[in-house]
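Observations on the model geometry
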Amino acid sequence: MSSFLKSLFGTKKTMEKEEPAKEAERKFDILKYDGIKAIKIGKTGYAIRCFNEALKFREDSETLEYLASAYLKQGDSENAIASYDRLISIWPDHTEAYLQRAQLNLQENRENETIADCQHILKHSEDYRAYLLIALAQNTLSLYEEAVANLIKASEIREDIADIFLARSKAYHALKQYEKALEDINRAIQLAPEEESVYMQRAKIHESCNDCQAALEDYATITELNPFHEQAYLETGRILMEDKKIDEAINYFDEAIEMNPAFGRAYIARGEAKKLKGDIASAAEDIQTGQELCDETEEDEKHPVNFEDMYANRPL
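Residues numbered from 1 in each chain as written. Predicted model: local features only at pLDDT ≥ 70, side-chain atom pairs only at ≥ 80, totals over all residues. Heavy atoms only, no water.

Some words on the packing of helix α7 (residues 128-140) against helix α9 (residues 162-174)
Our working rule: Convention adopted: a line fitted to C-alpha atoms gives each axis, helices being fitted over their contacting stretch, and angles between N-to-C directions are expressed from 0 to 180 degrees. By the criteria applied, helices consist of DSSP H or I runs no shorter than four residues and strands consist of E runs no shorter than two, each listed in order from the N terminus. Every angle not falling under 35 degrees, over 145, or within 65 to 115 is termed oblique; those three ranges are roughly parallel, roughly antiparallel and roughly perpendicular. Helix crossings are classified by the rotation of the near helix relative to the far one: an anticlockwise turn of less than a right angle makes the crossing left-handed, while a clockwise turn makes it right-handed. In this analysis, two residues are considered to be in contact whenever any of their non-hydrogen atoms come within 4.5 Å of each other.
Contact geometry for α7 and α9: axes closest at 10 Å, N-to-C directions at 25°. The orientation of α7 relative to α9 falls into the category roughly parallel. Remark: the crossing between α7 and α9 carries left-handed chirality. Counted together, Tyr128, Leu132, Leu136 and Asn139 of α7 and Asp163, Ile164, Ala167, Lys170 and Ala171 of α9 form the full contact between these two elements.

Below, the structure is given as structure tokens:
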């Protein structure tokens, strides 16, 4: 057989082999880009179906990233973590995938998994985010000294990240090193003056130092930034009640309820304040109303409301 005929027949056989592969790749592309389009117009569920179907043809890192992101939009942390597992298995050096998985594991109270992922990253590069996530996990595990050490390393890399100083302030606060805690939280406030959580943290430090007036000022700042910040209202009311300013506390809860008529815990708090005044009937009515308004997902509804526990002045 001539070389021409050999090449001709060989090409035909090659084409027969290539056609299924090309068809599979074509279907993969259609599904992947349909998923991307669906994400852009807010059809997250359809996007997830498209990405999962595309991945049946081949494991693709970009598609897995899109899939994980889509699961996160649906609040499905478990499947998002599974997507990052698959992504890391085909791209072991994907730092962002490790960081995303570490953060999700932290949200799911899997602190040891978070620490393991971040330690893997730090074997290859000095990333402040890895040090920060490790420290956040260690704070949750009450490993405060270890958290401080990692946050010092994070701050040496980046001096402009408020979350680093907020987390370190919480660790110092837990260690009762209030001067250092206050120094760090003031630095965090300089970096993020519109962030409510930094003022909440500073208020707790002020309370630990028995400076309730300064704490009240911070809680007031929070409610100025966010008139619907429930915890700041509750903490203010607690301080007023502890200071025996019962009428002032009741008036304050009146304002909170007027601002947010569905604020169930404010009704409960006002009821407890009314109890202290001996107004038992009105107190019972407020507490019942508050219980009915508490959202189904809140612990206050799942368990009987414990007023003393709710207002316990606990260190962070």
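A closer look at the pattern of salt bridges
Selection rule: Note on definitions: salt bridges are taken to be side-chain nitrogens of Lys or Arg within 4 Å of carboxyl oxygens of Asp or Glu. Remark: exposure states derive from per-residue accessible area (1.4 Å probe, protein chains only) relative to the maximum for the residue type, with buried under 20%, exposed over 50%, and partly exposed in between.
On inspection of all chains with the given rule, the structure shows 27 salt bridges. The shortest N-O distance in the salt bridge between arginine 101 and aspartate 117 comes to 2.7 Å. Of the two residues, arginine 101 is situated in helix α5 (residues 95-107) and aspartate 117 in helix α6 (residues 111-122); the sequence distance between them amounts to 16 residues. Note on aspartate 117: relative accessible area 7%, which makes it buried. The partner of arginine 270 in a salt bridge is aspartate 254, with the nearest N and O atoms 2.6 Å apart. Here aspartate 254 lies in helix α14 (residues 246-259) and arginine 270 lies in helix α15 (residues 264-277), a separation of 16 residues in the sequence. We classify aspartate 254 as partly exposed; its relative accessible area is 30%. When salt bridges with common partners are traced through the structure, they connect Glu25, Lys32, Arg58, Asp60 and Glu62 into a single cluster.

Considerations on the packing of α9 against helix α10 (residues 178-191)
Inclusion rule: Each residue receives one of three labels: charged for Asp, Glu, Lys and Arg, nonpolar for Ala, Val, Leu, Ile, Met, Phe, Trp, Tyr, Cys and Pro, and polar for the others, Gly being one of them.
In the contact formed by α9 and α10, the axes pass within 8 Å of each other and the chain directions differ by 160°. Here α9 lies roughly antiparallel to α10, going by the angle between them. By crossing handedness, the relation of α9 to α10 is classed as left-handed. For the pair formed by α9 and α10, the contact residues are Ala162, Phe165, Leu166, Arg168, Ser169, Tyr172 and His173 on the first element and Tyr178, Lys180, Ala181, Asp184, Ile185, Arg187, Ala188 and Leu191 on the second. Of the residues contributing to the contact of α9 with α10, the split by class is nine nonpolar, two polar and four charged.

Some points on the environment of alanine 130
With respect to the helices and strands, the residue alanine 130 is situated in helix α7. Between the alpha carbons of alanine 130 and glutamine 103 there is a distance of 9.6 Å; along the sequence they are 27 residues apart. Non-local contacts of alanine 130, meaning those with residues more than four positions away in its chain, are made with Leu99, Cys118, Ile121 and Leu122.

With respect to the packing of aromatic side chains
What counts here: Working definition: rings of Phe, Tyr and Trp (its six-membered ring) pair if their centres are within 6.5 Å, and the pair is stacked with planes under 30 degrees apart, edge-to-face with planes over 60 apart, and tilted otherwise.
Within the structure shown, the criterion is met by four aromatic pairs. Ring centres of phenylalanine 51 and tyrosine 66 lie 5.7 Å apart, and the angle between their planes is 15°; on these two criteria the pair is classed as stacked. Here phenylalanine 51, found in helix α2 (residues 44-55), pairs with tyrosine 66, found in helix α3 (residues 61-73); they are 15 residues apart in sequence, far enough to count as distant. For the ring pair tyrosine 252 and phenylalanine 253, a centre distance of 6.4 Å and an interplane angle of 65° mean the geometry is edge-to-face. Judged on exposure class, the residue tyrosine 252 and its partner phenylalanine 253 are both buried. Each member of the aromatic cluster is reached from another via a ring pair, and the members are Tyr233, Tyr252, Phe253 and Phe263.

Examining the nonpolar core
Convention followed: Here, nonpolar core means buried Ala, Val, Leu, Ile, Met, Phe, Trp, Tyr and Cys residues that are tied together by side-chain atoms lying within 4.5 Å of each other.
Judged by nonpolar contacts, the single largest core of 64 residues is most densely connected at Ile164, Val198 and Tyr219. Looking at this core element by element, the count peaks at eight residues for α7. Among all residues touching isoleucine 164, those that are not within four sequence positions of it are Tyr128, Leu132, Leu151, Ala154, Ser155 and Arg158. Core analysis: the next-biggest nonpolar cluster, separate from the first, contains 16 residues, Met241, Ala249, Tyr267 and Ala269 among them.

As for helix α13 (residues 230-242)
Condition: How far a helix is expected to stretch is found by multiplying one less than its residue total by 1.5 Å.
For α13, spanning 13 residues, the distance from its first C-alpha to its last is 19 Å, which sits close to the expected 18 Å at 1.5 Å a residue. Of all 13 residues making up α13, 10 are buried, and the element is well covered by its neighbours. Every buried residue of α13 is accounted for by Ala232, Tyr233, Leu234, Glu235, Thr236, Gly237, Arg238, Ile239, Leu240 and Met241. Just beyond α13, the residue with positive phi is lysine 244, at close to 65°.

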